[in-house]
Amino acid sequence: MERRSFVRSAGLAGVLAAGVAPAVHAQAAIRWRLTSAFPKALDTIYGAADTFAKSINDMSGGKFQISVHPSGELVPGFNQVDALQNGTVEMAHTAPYYYFGKDPTFALGCAIPFGLNSRQMSAWMVEGNGLKLMREFYANYNIINFAGGNTGAQMGGWWRKEIKSLADIKGLKFRTGGFSGVIFNRLGGVAQSIPGGEIYQALEKGTIDAAEWVGPYDDEKLGFNKVAPFYGYPGFWEGGPQLDFYINTKAYNALSPEYKAMIEAASMEAAVTMQARYDARNPAALKKLVAGGTKLFRFPKDMLDAAFKESMATYAELSGKNPAWKKIYDDYAVFRRDSNLWFRFAEAGFDDFMQQQKL
């Protein structure tokens, strides 16, 4: 089903109004397992899977149940794609760029440095060619994807010392995910890929010099402010990272049309709810962190300029050797260019004015 047509005509209320609920009584009872890439303690990012599962249960009258399992319980670390391919589980909730090592093209379904913000990402997926192109790519992995949430623009992580120039990056071990690791390596840093539940210990022990996760609400829960005093911004590598619900294609194709419609509606509810939670909870968390001694700093311009240059060079190199990347990135880049031209006026103009006011 095309997402754009469904969103226009259905949604949760539309599904019920269209008579899906009575048809559920004739449906077979189904039990699925969903493996999350995140720890249960993070009620925002992990919570999107709970929102999804509850919505499915409610719409189906309890006939379609999905049990949600945190990272490591059924599937270790970042192995969700492998588990789906071999049928270990029917479903996963994850950040696509975690599978960058399999193919960099995965990152385009989530976030790349200096990419789309969250609204632009939603627009590319729903009204642009994003969903169609990514589904063609994921078919090679026996996966079909649905929106699983967005954090909004992220912070730039926790650092033992403030970064005042590009030179300060050299040799620093920085926990980060996906494409950003490639860019930090090109800037002279040493990128580390570590699951969310293991970051605190690595930072505390000095195994790494800095680490990024999401933003104030999650970062405070993980306690990063206790082991690194400097909090950088912006997280230019994650301007609008979209998470996905990945479903094993065979399991999805076996569903009735009614159950497929429920998955569509539940994924959209979970996606909207996740970003709403982050946008509502981050402000108070940031105030608390700063009151507790956290020192905010903006990444220096020479670092951002160098990172942008290296990012564009990386994308050009990939386009020259990876046909899957080139096909999707070419479309993505045009959408990003046109979207930024528009946002520059109304959105950025309004935001710039409002953020200078005393409220």
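I will try to describe carefully the structure that is included in this document.

**Things to note about the environment of Glu269**
With respect to the element layout, Glu269 can be found in helix α12 (residues 257-291). Taking the relative accessible area as the measure of exposure, Glu269 reaches 32% and is therefore partly exposed.

**Description of the nonpolar core**
By size, the foremost hydrophobic cluster in this structure holds 88 residues, and its most contacted members are Trp32, Phe52 and Ile263. Within the second largest apolar cluster, 18 residues are counted, among which are Phe174, Leu187, Ala210 and Trp237.

**Structural notes on the packing of aromatic side chains**
Applying the stated criterion to the full structure yields 39 aromatic pairs. Arranged with centres 6.0 Å apart and planes meeting at 80°, the rings of Trp159 and Phe299 form a pair that is edge-to-face. Of the two residues, Trp159 sits in strand β5 (residues 158-159) while Phe299 sits in the loop between β11 (295-298) and α13 (301-321), which places them 140 residues apart along the sequence. Take Trp159: its relative accessible area is 1%, and that puts it in the buried class. Of the residues examined, Phe299 reaches a relative accessible area of 2% and is grouped as buried.

**Considering the layout of surface pockets**
Of the pockets and cavities examined, the largest pocket occupies roughly 1400 Å³. Residue lining of the largest pocket: 33 residues in total, with Asn117, Gly152, Ala153, Gln154 and Gly239 positioned closest to the centre. Those elements giving two or more residues to the lining of the largest pocket turn out to be α6 (118-126), α12, α14 (323-343) and α15 (346-354). It is α12 that provides the largest number of residues to the lining of the largest pocket, a total of 5 residues. If you go around the second largest pocket, you meet 12 residues; those closest to its centre are Ser122, Ala147, Met268, Ala271 and Val272. When residues of the lining of the second largest pocket are traced back to their parent elements, those giving at least two are α6, β4 (143-150) and α12. No other element matches the 4 residues that α12 contributes to the lining of the second largest pocket.

About the thresholds
- Residues numbered from 1 in each chain as written.
- Predicted model: local features only at pLDDT ≥ 70, side-chain atom pairs only at ≥ 80, totals over all residues.
- Heavy atoms only, no water.
- Helix = DSSP H or I, 4+ residues; strand = E, 2+ residues; numbered from the N terminus.
- Buried < 20%, exposed > 50% of the residue type's maximum accessible area, 1.4 Å probe, protein only.
- Core = buried A, V, L, I, M, F, W, Y, C linked by side-chain atoms within 4.5 Å.
- Phe/Tyr/Trp six-rings, centres within 6.5 Å; stacked < 30°, edge-to-face > 60°.
- 1 Å grid on protein atoms, 1.4 Å probe; cavity = no way out; pocket = protein on both sides within 12 Å on 5 of 7 lines; lining within 4 Å.
- Points joined across faces, edges and corners; volume = space filled by probe spheres on them.

Nothing here speaks to function; it is all geometry.
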